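# Summary of structural features
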Amino acid sequence: MIVYLQMIDTSEDRSKFEQLYLEYRGLMFHAANQILHNEQDAEDAVHQAFLSIAQHIQNIDQPISSKTRCYVVTITENKAIDQYRRRQKHPTVELQEGLAGVQVSYDGENLLAACILKLPARYREMILLRYHQGYSVKEAATLMGLSFSAASSLDHRAKRKLKELYEKENALC
């Protein structure tokens, strides 16, 4: 809520927004979720609605009224519909990190190399791009066709999985 309050100039409007936020956030989430059928997308739509409300808070007279309730629900529904249309135009595909990729056998004695080769394909690709070839996360993201945040998360998960494999294999030795 702090982000929204920073957008508002007067303390009177901040107080009005705070009342509105506390009163309608559950209703807004429900309205968005009815359209999108996805909690994360509904949260995004509610966030967009609150941004819009914060920008136009001076247009609201009474924060708790039937008129305000209709206004808030209408904005939320419109943001949810916009998001639904965007999702239909640009459908997303779930990231399947467990894809095996090319299986490689390794008979050497380097435990770390053996563990890297046991990683799922996406993890292995990220580790090799980052730490063998020296690319930054941003560069690896571009090469892999990912957003920076997705590549950053993938890098973190790949390192964590590699550490788990290494510790497991090291304990067996």
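Structural data are supplied above this passage.
For the structure given in this document, a descriptive report is provided here. Only a predicted model underlies this, so the values are computations on that prediction, with no experimental measurement involved.

### A look at the overall build of the chain
Assigned secondary structure in the chain consists of 8 helices and 0 strands. When each of the 173 residues of the chain is scored for burial, the buried share is 32%. Sequence separation of 24 or more characterises 60% of the internal contacts of the chain that already satisfy a separation of 6 or more. Taken as a whole, the chain presents about 11500 Å² of accessible surface, with 49% of it coming from carbon and sulfur.

### What about helix α6 (residues 121-132)?
The end-to-end C-alpha separation of α6 is 15 Å, in line with the 16 Å expected for 12 residues at 1.5 Å each. Those residues of α6 that fall on the buried side of the exposure criterion are R122, Y123, R124, M126, I127, L129 and R130. Each element contacted by the buried residues of α6 is listed here: α5 (111-118), α7 (137-144) and α8 (148-172). Just past α6, the residue G134 takes up positive phi, approximately 80 degrees.

### As for helix α4 (residues 66-89)
The end-to-end C-alpha distance of α4 is 34 Å, a good match for the 34 Å that 24 residues give at a rise of 1.5 Å each. Summarising the contacts, the buried residues of α4 are in contact with α2 (11-36) and α3 (39-55).

### Looking at unusual backbone geometry
Not every positive phi belongs to a glycine, and H37 is a case in point at roughly 55 degrees. Structurally, H37 is set in the loop between α2 and α3. Look at H37 and you get exposed, because its relative accessible area is 67%.

### Thoughts on the packing of aromatic side chains
Counting across every chain of the model gives 3 aromatic pairs. Relative to F50, the ring of F17 lies with its centre 5.7 Å away and its plane at 70 degrees, an arrangement referred to as edge-to-face. A residue pair is termed long-range when its members are at least 10 positions apart, and F17 in helix α2 and F50 in helix α3 qualify at 33 residues. Accessibility expressed as a relative area gives 0% for F17, which makes it buried. Note on F50: relative accessible area 2%, which makes it buried. An aromatic cluster of three or more residues is present, and its members are F17, Y21 and F50.

### Thoughts on the packing of α2 against α3
Contact geometry for α2 and α3: axes closest at 8 Å, N-to-C directions at 140 degrees. One way to sum up the angle between α2 and α3 is to call them oblique. When you trace α2 past α3, the crossing you get is right-handed. For the pair α2 and α3, the contacting residues are F17, L20, Y21, R25, M28, F29, A32, N33 and L36 in the first and E39, D41, A42, E43, A45, V46, A49, F50, I53 and A54 in the second. For the contact of α2 with α3, the per-class residue count stands at 14 nonpolar, 1 polar and 4 charged.

Cut-offs used in this document
- Residues numbered from 1 in each chain as written.
- Predicted model: local features only at pLDDT ≥ 70, side-chain atom pairs only at ≥ 80, totals over all residues.
- Heavy atoms only, no water.
- Helix = DSSP H or I, 4+ residues; strand = E, 2+ residues; numbered from the N terminus.
- Buried < 20%, exposed > 50% of the residue type's maximum accessible area, 1.4 Å probe, protein only.
- Contact = heavy atoms within 4.5 Å.
- Areas by Shrake-Rupley, 256 points an atom, 1.4 Å probe, with all protein chains shown as cover.
- Expected span 1.5 Å × (residues − 1).
- Phe/Tyr/Trp six-rings, centres within 6.5 Å; stacked < 30°, edge-to-face > 60°.
- Axes fitted to C-alpha atoms, helices over the stretch in contact; angles between N-to-C directions.
- Parallel < 35°, antiparallel > 145°, perpendicular 65-115°, else oblique.
- Left-handed = near helix turned anticlockwise from the far one by under 90°.
- Nonpolar A, V, L, I, M, F, W, Y, C, P; charged D, E, K, R; others polar.

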